Every structure is written in structure tokens, then in C-alpha cells.
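Summary of the model geometry
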Amino acid sequence: MENRTIEFYRKSADYILERIPEKPEIAMILGSCLGSLSEEITNQIVIDYKDIPNFLVSTVKSHAGKLIFGKLGGKNVVCMSGRFHYYEGYEFEELSIPIRVFKLLGANKVILTNAAGAINKSFKVGDLMIINDHIKLTGASPVRGKNIEELGDRFFDVSDMYTKELRDIAWKCVNKLEQQYRTHDGVYFYSVGPQFETPAEIRAMRILGGDAVGMSTVTEAITAAHCNMKVLGISLMTNMAAGVLPQKLSAEEVDVAAENAAERFKELIREIVKEI
Ligand code: HPA
């Protein structure tokens, strides 16, 4: 494993800083279900991942692979259109790159959204879950390797990783928009994928305290916590997790549920960006 220094990330950040008029305050990494929110960003400056030195490149051809800078809800934001997952073949340590670059650009808050399978049987497809914690039992930490002191301490606390401050704001917005009947608090269980889980894995995850399962978000949240960024994570239940219902899981089911919930989910994120 390569041991990177702060200069590695600065190279990406400096390239971007030369091209944007104002530094972003909030970074957003939106799951496939929410990508279209980026279309609402005004005063857009779009930078292709492939043009940014040391940045990651999308493996999925159809994926946008762009950073979108501009204004949303009166705030300067940067939105990643197309995120990176371990199952695509990246190392865990590589997955730290986007968040560290956002930090060097000046962002101190990050909003992470994802599609997830509902482990908690009281949840329904289309419900949202404000992540209050996560469980990651597989794979390495994204901040493994020589510590970068300029970003954070070697050993760091993660007991408020999904910060209460941002969760409280999210709940205020949920209540204001009267989405409280379709929104929960809960624990996100990380699964490396790309296969969905087995029913036995889901039963184990439920016993361990997971409410929803998904293949993203936690590497980004851990990296953000290391460099002292505030994290808000929200999951959309696109399916009941494996074995909950007597049927097979499919990517189509996930896409349909995501499309159906997109407007409501976007309304909430818009409101949250305005309020934080
Ligand atoms: N498991 C893992 N990831 C997912 C799921 C699931 O059931 N649904 C959407 N993303």
C-alpha cells in the first residue's frame, strides 16, 4: 500500500481551487436515487473526475463522473455525481480521496445518501432512515496507513460520527415537511457487495443491531470523521432485505423504489441544505 502525504490530496484540491470562484461549505455524495438533485444547483461549475490530478476515475461507463460546484439553498456546495464503492475494485484506502479533497477545499459538512435494504421489519419500501450510527465488520479502514497529521489524529473518536447536531436539523426538516410517518432513526450495516446479502446474513445483522443494509457511505463517513467534518447520512429503503419477504432481490426493484421516492427525498435534502 502506498503511503500518501497531504501533498497528494493538495494536488487535487489546488487544481479545483483554480477553477471555482467560491469554496464549498457543504459536500454532498448522493446515491443513485438522488443524483438528479445536482441539476438544481445554480451557478454551476462542472469538473470531470478524470481531469483532476490524483482523483479517482469512475469504472461505470454510464456514470457521470463529475464534480458539480455551485449554489443550493443559498449555500455553496459541491456535489459528487457518481460515487466510488469497494465492490468496483478500489482499495478501502483509495475511497478516502474524495472526502479528503473536499476537506481541503474548505467543506466542513458532508451529506451522504444511499439506497438500502430494510433489515428492520417495521420499515417499509420508500421509507427514509436518518443514520444514527453504523456497523462495519468487514474490510480495512479508509484511513489505514501512515497517519496524515494535517488532517486528523491517528486514533480518533467516532461515537458521534453522524453528528447529533445535523441529525436534529434533519429531524426538524422531516417534521416541517410532514414526512415523519415515513422516516426512522436507525443503524446502517455496511456490506461490501456487490452480491446482495444472504437471508442468514440479514438475520445476523438484525441480531447485531442493524436496521438497514447497504454498500456505500461508511468509508466516506469514517474519512470525514477523521478530518473533523460533520456527517449527515440518510438511507432510502429501496427493498426489504434478503429473506424478509419470500421473493428474490433485484437491482430493478431497487431502481424503481428509488425513482418513486426521489421527489420526496430531494425535497428533504433541499430543506436540510437550507437549514444547516
Ligand atoms: N443490500 C445491500 N445494498 C443495497 C440493498 C440491499 O438489500 N438495497 C439497496 N442497496
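Here we summarise the structure given alongside this text.

The rules behind the values
- Each chain carries its own residue numbering, running from 1 in the direction its sequence is written.
- Reporting of local features is limited, given that this is a predicted model, to residues whose pLDDT is at least 70; pairs of side-chain atoms are given and counted only at 80 or more, and all residues count toward the totals for whole chains, interfaces and linings.
- Each side-chain value is worked out from all heavy atoms of the structure, with water and hydrogens disregarded.
- Secondary structure elements are taken from DSSP: a helix is a run of H or I of four residues or more, a strand is a run of E of two residues or more, and numbering for both begins at the N terminus.
- Restricting the calculation to C-alpha atoms gives the radius of gyration, and the globule rule supplies 2.2 Å times the number of residues raised to the power 0.38.
- Any two residues having at least one pair of non-hydrogen atoms within 4.5 Å are treated as being in contact.
- Using a 1.4 Å probe, accessible areas were evaluated by the Shrake-Rupley method; residue-level cover was limited to the displayed protein chains.
- By convention in these notes, a residue is near a molecule or strand provided one of its non-hydrogen atoms lies within 4 Å of it.
- Polar contacts, as used here, are pairs of N or O atoms within 3.5 Å; protein pairs need one atom able to donate a hydrogen and one able to accept it. Residues neighboring in sequence count only if both atoms are side-chain atoms.
- The classification used treats Ala, Val, Leu, Ile, Met, Phe, Trp, Tyr, Cys and Pro as nonpolar, Asp, Glu, Lys and Arg as charged, and all other residues, Gly among them, as polar.
- Buried means the residue's accessible area, taken with a 1.4 Å probe over protein chains only, is under 20% of the maximum for its type, while exposed means over 50%, and partly exposed covers the values in between.
- Between any two strands, at least two bridges found by DSSP are needed for them to pair.
- What counts as a salt bridge is simple: a side-chain nitrogen of Lys or Arg found within 4 Å of a carboxyl oxygen of Asp or Glu.

Next up on the list: the overall build of the chain. Secondary structure assignment for the chain yields 6 helices and 9 strands. Over its C-alpha trace the chain gives a radius of gyration of 18 Å, about what one expects of a compact globule, namely 19 Å for 276 residues. For the chain, the C-alpha atoms occupy an extent of roughly 55 × 40 × 35 Å along the three principal directions. Contacts spanning at least 24 positions in sequence make up 82% of the contacts within the chain whose residues lie at least 6 apart. Element-wise, carbon and sulfur atoms account for 50% of the exposed surface of the chain, whose accessible area totals about 12,300 Å².

With that out of the way, let us pick up the site of the ligand. Neighbouring the ligand are the residues Ala 115, Ala 116, Gly 117, Phe 196, Glu 197, Val 213, Gly 214, Met 215, Thr 238, Asn 239 and Leu 249. Between the ligand and the protein, one listed contact pairs a nitrogen atom with a side-chain N or O atom of Glu 197 at 2.8 Å. Taken by itself the ligand offers 260 Å² of open surface, and the protein chains cover 95% of this. For the shell around the ligand, the elements supplying multiple residues, two or more each, are β5 (109–118), β8 (212–214) and β9 (230–240). Of the residues assigned to the shell around the ligand, the class counts are 6 nonpolar, 4 polar and 1 charged.

As a further point, take the pairing of strand β4 (residues 75–81). In terms of burial, β4 is largely enclosed, as 7 of its 7 residues are buried. Where burial is concerned, the two faces of β4 agree: the one with Lys 75, Val 77, Cys 79 and Ser 81 and the one with Asn 76, Val 78 and Met 80 are both buried. Bridge count for strand β1 (residues 26–29) against β4 is 4 bridges, and the pairing is parallel. Across the sheet, residue Ala 27 finds its bridge partner in β4, namely Val 78. Between strand β3 (residues 66–72) and the antiparallel strand that follows it, β4, lie 2 residues; Gly 73 among them carries a positive phi value of about 55°.

Another point: the pattern of salt bridges. Under the defined criterion, the tally for this structure stands at 16 salt bridges. Among the salt bridges present, the one from Lys 164 reaches Asp 168, with a minimum N-O distance of 2.8 Å. Within this pair, Lys 164 and its partner Asp 168 are both found in helix α3 (residues 164–176), separated by 4 residues, close to a single helical turn. According to the relative accessible area criterion, Lys 164 is partly exposed, its value standing at 44%. For Lys 172, the salt bridge identified is with Glu 275, shortest N-O distance 3.8 Å. Taken together, the residues span a long stretch of sequence, with Lys 172 in helix α3 and Glu 275 in helix α6 (residues 251–275) at a distance of 103 residues. Judged by its relative accessible area of 53%, Lys 172 falls in the exposed class.

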